[in-house]
Amino acid sequence: MVEAVGSGALTLAASKPELPGIDDFMPPEILFQGTPFAMNRIIFVRFIAMVVILLLLGVTAARAKLIPSRWQGAVEWLLDFVRDSIVYEVMGELRGRRYVPMITTIFLTVMCFNLCGIIPGLNIAATATITMPLVFALWTLIQYLVTGVRAQGLGKYLKQELFPAGVPWPIYILLTPIQLLEMLIIKPASLTIRLFANMIAGHLLVAISLAFAQFYIIEASNKLLALAGVGWFALGFALTAFEIFVAALQAYVFAILSTVYINQSYPEVD
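Under an unreviewed UniProt entry, the name given to the protein is ATP synthase subunit a, and the organism recorded is Bifidobacterium xylocopae. Entered under Function (unreviewed entry) in the UniProt record, the comment concerning the protein runs "Key component of the proton channel; it plays a direct role in the translocation of protons across the membrane." According to UniProt, the comment filed for the protein under the heading Sequence similarities (unreviewed entry) is "Belongs to the ATPase A chain family."

Participant: Which parts of the structure should I look at to understand the packing of helix 2 (residues 41–62) against helix 4 (residues 100–115)?
Facilitator: Packed helix pairs are characterised by how far apart their axes lie and by the angle those axes make with each other. Their axes nearest at 10 Å, the elements helix 2 and helix 4 cross at an angle of 130°. Judged on the interaxial angle alone, helix 4 and helix 2 are oblique. Pair helix 2 / helix 4 crosses with right-handed handedness. Residues Arg46, Ala49, Met50, Ile53 and Leu57 of helix 2 touch helix 4, and the partners they reach there are Leu108, Thr109, Cys112 and Phe113. Of the residues contributing to the contact of helix 2 with helix 4, the split by class is seven nonpolar, one polar and one charged.

Participant: I would appreciate a short explanation of the nonpolar core in the present structure.
Facilitator: Here is a general trend for soluble globular proteins: nonpolar side chains tend to be buried in one another's company. Ranked by internal contacts, the top residues of the largest apolar core, which has 47 residues, are Ile86, Val87, Met91, Ile103, Phe107 and Phe254. If you list the elements that add at least two residues to this core, you get helix 2, helix 3 (70–96), helix 4, helix 5 (131–152), helix 6 (154–162), helix 7 (172–219) and helix 8 (223–263).

Participant: Can you walk me through helix 6 in this structure?
Facilitator: Given 3.6 residues per turn, any residue in an α-helix points the same way as the ones three and four places further on. Every buried residue of helix 6 is listed here: Tyr157, Glu161 and Leu162. For helix 6, the angular spread of buried residues about the axis comes to 110°, placing them on one side. Looking at helix 6, the residues exposed on the side facing more than 90 degrees away from the buried face are Gly155, Lys156 and Lys159. Tucked inside the fold, the buried residues of helix 6 contact helix 5 and helix 7.

Participant: Where do I start with the UniProt feature "transmembrane region" (unreviewed entry) in the protein in this structure?
Facilitator: Mapped onto this numbering, the UniProt entry annotates "transmembrane region" (unreviewed entry) at residues 43–62, 99–117, 124–146, 166–186, 195–218 and 224–257. Segment residues 166–186 splits into 71% helix and 0% strand. End C-alpha atoms: 23 Å apart.

Participant: Even after reading the chapter, I still don't get the environment of Tyr252, so can you show me in this structure?
Facilitator: Here Tyr252 shows up in helix 8. Here Tyr252 falls in the partly exposed class, since its relative accessible area comes to 29%. Placed 146 residues apart in sequence, Tyr252 and Ile106 show a C-alpha to C-alpha distance of 9.3 Å. Discounting chain neighbours no more than four positions away, the residues touching Tyr252 are Phe81, Ile86 and Phe107.

Participant: Is there a simple way to think about the packing of aromatic side chains in this case?
Facilitator: For any pair of aromatic rings, geometry is given as the distance between the ring centres together with the angle between the planes. Applying the stated criterion to the full structure yields 12 aromatic pairs. Ring geometry for Phe81 against Tyr252: centres 6.1 Å apart, planes inclined by 35°, an arrangement best described as tilted. On the criterion of sequence distance, the pair formed by Phe81 in helix 3 and Tyr252 in helix 8 is long-range, its members being 171 residues apart. Put simply, the rings of Trp77, Phe81, Phe107 and Tyr252 touch in pairs and so form one group of aromatic residues. The aromatic ring of Tyr266 is capped on one face by Arg95, whose charged end is 4.0 Å from the ring centroid.

Conventions adopted
- Residue positions within a chain follow its written sequence, with the count starting from 1.
- Restriction of local features to residues with pLDDT of at least 70 applies here, the model being predicted, together with a cutoff of 80 or more for giving and counting side-chain atom pairs; totals for whole chains, interfaces and linings are based on all residues.
- To obtain the side-chain values, all non-hydrogen atoms of the structure were used and water was disregarded.
- UniProt positions are given in the numbering used here, feature names are shortened, and annotations may be inferred rather than shown by experiment.
- In this analysis, axes come from line fits to C-alpha atoms, helices being fitted only over the stretch in contact, and the angle between any two N-to-C directions falls in the range 0 to 180 degrees.
- We count a stretch as a helix when DSSP gives it H or I for four or more residues in a row; a strand needs E for two or more, and each element gets its number in order from the N terminus.
- Orientation labels follow simple angle bins: below 35 degrees gives roughly parallel, above 145 gives roughly antiparallel, 65 to 115 gives roughly perpendicular, and whatever is left gives oblique.
- Note on convention: the crossing is left-handed when the near helix lies turned anticlockwise from the far helix by less than a right angle, right-handed when the turn is clockwise.
- In what follows, a contact means two residues having at least one pair of non-hydrogen atoms within 4.5 Å.
- Under the convention adopted here, Pro, Cys and the residues Ala, Val, Leu, Ile, Met, Phe, Trp and Tyr are nonpolar, Asp, Glu, Lys and Arg are charged, and Gly plus all remaining residues are polar.
- Only buried residues count toward a nonpolar core. Its members are Ala, Val, Leu, Ile, Met, Phe, Trp, Tyr and Cys residues joined through side-chain atoms within 4.5 Å.
- Exposure is judged per residue with a 1.4 Å probe applied to protein chains only, and the accessible area is read against the type maximum: over 50% gives exposed, under 20% gives buried, and values in between give partly exposed.
- Here the arc refers to the directions that run from the helix axis out to each C-beta atom.
- Stacked, tilted and edge-to-face pairs are distinguished by plane angle, under 30 degrees for stacked and over 60 for edge-to-face with tilted covering the rest, among Phe, Tyr and Trp rings (Trp via its six-membered ring) whose centres lie within 6.5 Å.
- Remark: a charge is flagged as sitting over a ring if the NZ atom of Lys or the CZ atom of Arg is within 6 Å of the ring centre and within 35 degrees of the ring normal.

Now the structure itself:
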């Protein structure tokens, strides 16, 4: 038995599992190469997810009934959750009504894009590159600025943001650049990096677990080493289930932080 294990270990040492790397997040173009419409795998996954979201919501709206079906009830519950538990909870109904469509779009899109990472055949979150999280963060920043200017006027809004009341004038030399940096860089970056990093980490953990599972189960030369593969597969399955939770959680966090940031652009926060 010792010889068998030793032989298996030597065989495994001579080869190694194919672990995920940075190339997973910068795949080559697969459609329309050399044109402005070129698509790599991640962009293609985004396109598929977008079409699925539009079809599901469109068909649900077209077939909506006074007495909802289970599917219609689930969709309405999700929309009500975003409206009541995120937007109205943070901003109140009077202010929040304007932003319900925006925050609902962000929540549903981010969640569906995140879930692409555990769907067979897609196997990568559409938010696992910095582009999509950055687009949503910039949308939030634009709404933040527009809301503040609309509520207070440009001059008063900039004064409130860059020159907070109750601070001695010499302190503004240091405080004003920090306030500007926070408004234009730190807040959008916090939204972008949190979502982007979580989706990359989740993909890597699941992919590494399944890579080791395949390596030990298929390439192992004895049953003892194959048991290690079973353990790695169980871990990969557990992490996949956990990724479903993380996908929904990150969509919720992104949506509620976007709502909080926009609400902060008003003269006072409810």
